[in-house]
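# Examining the three-dimensional arrangement
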Amino acid sequence: EEGHTDVGSLVTVDIMLEEAAEGGELTVGGRAVPRFRAGDAVVFVSAVVHGVRPVIRGRRRVLVVELWDGPERHCGHRCERTEGADCVDV
């Protein structure tokens, strides 16, 4: 995994719903997060490089929440418009 940052958000929260039987480790800042188990949450600054190692066996499910600063958005994605029913990703 190469890793990425969550551009634009301030804080990222990962909540483990289901662990992979093998693989699928979360890395933050180049290091694997130890003991990230079902029901656990990891909170980190979104600008830190993070990623997930490949799942070898089983299934991994995680709820990811990003906290943002700025004007309220009325759409379900990261567009630049703050109003309007015809929100278009720019």
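In the block above lies the structure referred to throughout.
This text gives an overview of the structure that appears in the document. Given the structure is predicted, the values throughout are model-derived calculations rather than measurements. (Residues numbered from 1 in each chain as written. Predicted model: local features only at pLDDT ≥ 70, side-chain atom pairs only at ≥ 80, totals over all residues. Heavy atoms only, no water.)

It is worth spelling out the overall build of the protein at this point. Each helix and strand in the protein was counted, giving zero helices and eight strands. Across the protein, helices and strands are ordered from the amino to the carboxyl terminus as β-β-β-β-β-β-β-β. Burial status across the protein gives 20% buried among its 90 residues. Put simply, 66% of the contacts in the protein that link residues at least 6 apart link residues at least 24 apart. Surface summary for the protein: the accessible area is close to 6,300 Å², and the carbon and sulfur share equals 51%. (Helix = DSSP H or I, 4+ residues; strand = E, 2+ residues; numbered from the N terminus. Buried < 20%, exposed > 50% of the residue type's maximum accessible area, 1.4 Å probe, protein only. Contact = heavy atoms within 4.5 Å. Areas by Shrake-Rupley, 256 points an atom, 1.4 Å probe, with all protein chains shown as cover.)

A few words on the pairing of strand 5 (residues 41-45). The side-chain alternation of strand 5 yields one buried face, formed by Val42 and Phe44, and one unburied face, formed by Ala41, Val43 and Val45. Where strand 1 (residues 9-18) and strand 5 come together, five bridges link them in antiparallel fashion. Paired with Val13 across the two strands is Val43, which belongs to strand 5. (Pairing = 2+ DSSP bridges.)

Taken together, three strands build an open sheet; the order of strands is 4-3-6 and the sheet is antiparallel. Unpaired on one side and paired on the other, strand 4 (31-32) and strand 6 (50-52) mark the two borders of the sheet. Here strand 3 (residues 26-28) pairs with strand 6 via three bridges, running antiparallel. Each residue of the ladder has a partner; that of Val28, found in strand 6, is His50.

Time to look at the nonpolar core. Grouped together as the largest cluster of nonpolar side chains are six residues: Met16, Leu26, Val28, Phe36, Val42 and Phe44. For this core, the elements supplying multiple residues, two or more each, are strand 3 and strand 5. (Core = buried A, V, L, I, M, F, W, Y, C linked by side-chain atoms within 4.5 Å.)

In this section: the sheet that holds strand 8 (residues 61-68). Pairing is antiparallel in the open sheet, where three strands are placed in the order 5-1-8. Two strands in the sheet have a free side with no partner beyond their single neighbour: strand 5 and strand 8. The average undirected angle you get between the axes of adjacent strands in this sheet is 20 degrees. (Axes fitted to C-alpha atoms, helices over the stretch in contact; angles between N-to-C directions.)

What follows concerns the pattern of salt bridges. Any two side chains of opposite charge can pair, given that their charged atoms come close. For the structure on display, the rule yields four salt bridges. For Glu18, the salt bridge is made with Arg59, and the minimal N-O distance between the two is 3.1 Å. Taken together, the residues span a long stretch of sequence, with Glu18 in strand 1 and Arg59 in the loop between strand 7 (55-57) and strand 8 at a distance of 41 residues. For Arg37, the salt bridge is made with Glu19, and the minimal N-O distance between the two is 3.3 Å. In this pair, Arg37 sits in the loop between strand 4 and strand 5 while Glu19 sits in the loop between strand 1 and strand 2 (22-23), placing the two residues 18 residues apart along the sequence. Taking relative accessible area as the criterion, Arg37 reaches 46% and is therefore assigned partly exposed. (Salt bridge = Lys/Arg side-chain N within 4 Å of Asp/Glu carboxyl O.)

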